[in-house]
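# Structure assessment
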Amino acid sequence: MSDAALATDVFRNDAPSGELWELWQQRGWAREGRHYLQLANNVQCKLCPNDCLLQPEDRGRCRNRVNKGGKLYTLAYGNACAFHVDPIEKKPLFHFSAGHRRLFLCTSGCGFRCLNCQNWELSQQKPEESKDPHGPPLRLNPASLGGLSRDDIARLSLWPADVVEFGRAFPQSLGGLHVQRASNWFEYMIDTARLLRSKGRKNVWVTCGYIQQKPLVELCGVLDAASLDLKSFDAASYGKLNSGKLQPILDTLLTLKREGVWFEVSNLIVPTYTDQPEMIRRMCQWLVDNLGPDHPLHFLRFHPAHKLTNLPPTPVDVLTEARDIARQCGLRYVYIGNLPGVEGTETTLCPHCGRTVVDREYYAILAHHLRSGACGHCGTKIAGVWA
């Protein structure tokens, strides 16, 4: 998709107004944004590469940012529309805090328009379609977590301090933010991450990587790990399949490496879109040449979803061929996800002796042979953050 098409894909005169806007402010769900330019009464968002230029009362492409009175506001502060505790391996992160669980949060809206989106009910929603500021305010109380109704969740607030309290109530959840779309609620994410970091908690970012460099560097200061979805290695495919651009994702990977944030890369292999061996080889070689051989790569199996229900699931032999290509290029830790029941797809092997270091099955660790982050058989260091 061209830059011009991306720039015009905003929602004109679609910002909340009247009682809805007043209630959103009263509830605290609207906050002035960071990283934007004021251009007289217009604003230009500088969080993601879409660079949305908004006239008064316009809504950005991500559905979460609006121009009110010549200022950029986020509509997604403290109002997560979904939250859950999951194994860290599910994100997928295999080499970071293995075997632990995390509290993951998500919000509505997205700057992408992925044809295969499995979460399109949320990613293509406005905050006002998933949250309701009417009725008495409600904050997350870990003691009553199991008794929340859908209506309760719709009016629930989850402030940064509430995330910390959740971690105290459930110490197995060491903190974390499930943010595939960082620019949607950057302000809330970074405030929460800073507070968690001050309490000795860990912060995890699950992302498509579509963010500009200045906010990314700010974010890296409070990140412990990231799982980044590199959707393809072709600019045309990114435009057609995701309505995005490739280069900003590569820039994000380079910045994570430079800033010392542990990360793992996932790549969904979509039949007819991203399943060409030559493209996969170019991607793997770029990863080795620019990031080194030690950051894990997770090939994920596509299942029909959203606007691509006409396609079949990714054939198993395509996935195993992709793994072979990655290993030939020099990547040391290569996995296949969304393929339960196939032996060895989630097993960590020692790059020196070739023996099993961590044996997994569907996110569960069956056995491990790690000693202080090294192979228990030969002593070779296994890349990652294992403490």
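Just above, that's the structure.
The structure reproduced in this document is the subject of the present report. (Residues numbered from 1 in each chain as written. Predicted model: local features only at pLDDT ≥ 70, side-chain atom pairs only at ≥ 80, totals over all residues. Heavy atoms only, no water.)

Take the overall build of the protein chain next. Across its full length, the protein chain holds 12 helices and 20 strands. Relative to the compact-globule value of 21 Å for 387 residues, the protein chain shows a C-alpha radius of gyration of 21 Å, a close match. Its C-alpha atoms put the protein chain at 65 × 50 × 40 Å along the principal axes. Residue burial in the protein chain is summarised as follows: out of 387 residues, 56% are buried. Contacts spanning at least 24 positions in sequence make up 66% of the contacts within the protein chain whose residues lie at least 6 apart. Here the protein chain has roughly 15,800 Å² of accessible surface; of this, 50% comes from carbon and sulfur atoms. (Helix = DSSP H or I, 4+ residues; strand = E, 2+ residues; numbered from the N terminus. Rg over C-alpha atoms; globule rule 2.2 N^0.38 Å. Buried < 20%, exposed > 50% of the residue type's maximum accessible area, 1.4 Å probe, protein only. Contact = heavy atoms within 4.5 Å. Areas by Shrake-Rupley, 256 points an atom, 1.4 Å probe, with all protein chains shown as cover.)

The next subject is the sheet that holds strand β4 (residues 53-54). The strand order across the open sheet formed by 3 strands is β2-β3-β4, and the pairing between neighbours is antiparallel. Edge positions in the sheet fall to β2 (36-39) and β4, since each has one partner strand and no second. Of the pairings in the sheet, the one linking β2 to strand β3 (residues 42-45) comprises 4 bridges and is antiparallel in character. Paired with Gln 38 across the two strands is Val 43, which belongs to β3. (Pairing = 2+ DSSP bridges.)

So, about helix α7 (residues 186-198). Note: α-helices contain 3.6 residues per turn, so residues at a spacing of three or four share the same orientation. If you check α7, its first and last C-alpha atoms are 18 Å apart, about what 13 residues at 1.5 Å a residue would give, namely 18 Å. By the burial criterion, the buried members of α7 are Phe 186, Glu 187, Tyr 188, Met 189, Ile 190, Thr 192, Ala 193 and Leu 196. Positive backbone phi, approximately 80 degrees, marks Gly 200, located one or two places after α7. (Expected span 1.5 Å × (residues − 1).)

Throughout the structure, instances matching the rule amount to 0 disulfides. Between Cys 114, a free cysteine, and Cys 110, which holds the nearest cysteine sulfur, the sulfur-to-sulfur gap is 6.0 Å. Judged by relative accessible area, Cys 114 falls into the buried class, the value being 11%. Cysteine Cys 117 remains unbridged, with the sulfur of Cys 114 as its closest cysteine sulfur at 6.1 Å. (Disulfide = S-S within 2.5 Å.)

This part is about the side chain of Ser 97. In this fold, Ser 97 is placed in the loop between β7 (82-87) and β8 (101-106). A polar contact is formed between the side chain of Ser 97 and the side chain of Arg 102, at a distance of 3.1 Å. (Polar contact = N/O pair within 3.5 Å; in protein donor to acceptor, adjacent residues only side chain to side chain.)

Another aspect to go through is the nonpolar core. Leu 230, Leu 287 and Phe 299 are the most contacted members of the largest nonpolar core, which totals 60 residues. A total of 8 residues in this core trace back to one element, the largest contributor, which is helix α11 (residues 277-291). Apart from the residues within four sequence positions on either side, Leu 287 is in contact with Leu 230, Leu 253, Val 265, Gly 292, Leu 297 and Leu 331. (Core = buried A, V, L, I, M, F, W, Y, C linked by side-chain atoms within 4.5 Å.)

With that settled, consider the pattern of salt bridges. Inspection of the entire model under this criterion finds 20 salt bridges. A salt bridge links Arg 332 to Asp 294; the nearest nitrogen and oxygen atoms lie 2.9 Å apart. One end of the pair, Arg 332, is in the loop between α12 (316-329) and β15 (334-337); the other, Asp 294, is in the loop between α11 and β14 (297-301), with 38 residues separating them in the sequence. With a relative accessible area of 44%, Arg 332 lands in the partly exposed category. Since its relative accessible area comes to 26%, Asp 294 is described here as partly exposed. (Salt bridge = Lys/Arg side-chain N within 4 Å of Asp/Glu carboxyl O.)

Right, let's get into the sheet that holds strand β6 (residues 71-74). Strand order in the open sheet made by the 3 strands is β1-β6-β5, with antiparallel pairing throughout. Only two strands of the sheet have a single partner each, and these edge strands are β1 (31-32) and β5 (65-68). The pairing of β5 with β6 spans 4 bridges and is antiparallel. Note that in β6 the partner of Asn 67 across the bridge is Leu 72.

Remember, this is a structural readout, not a statement about activity or role.
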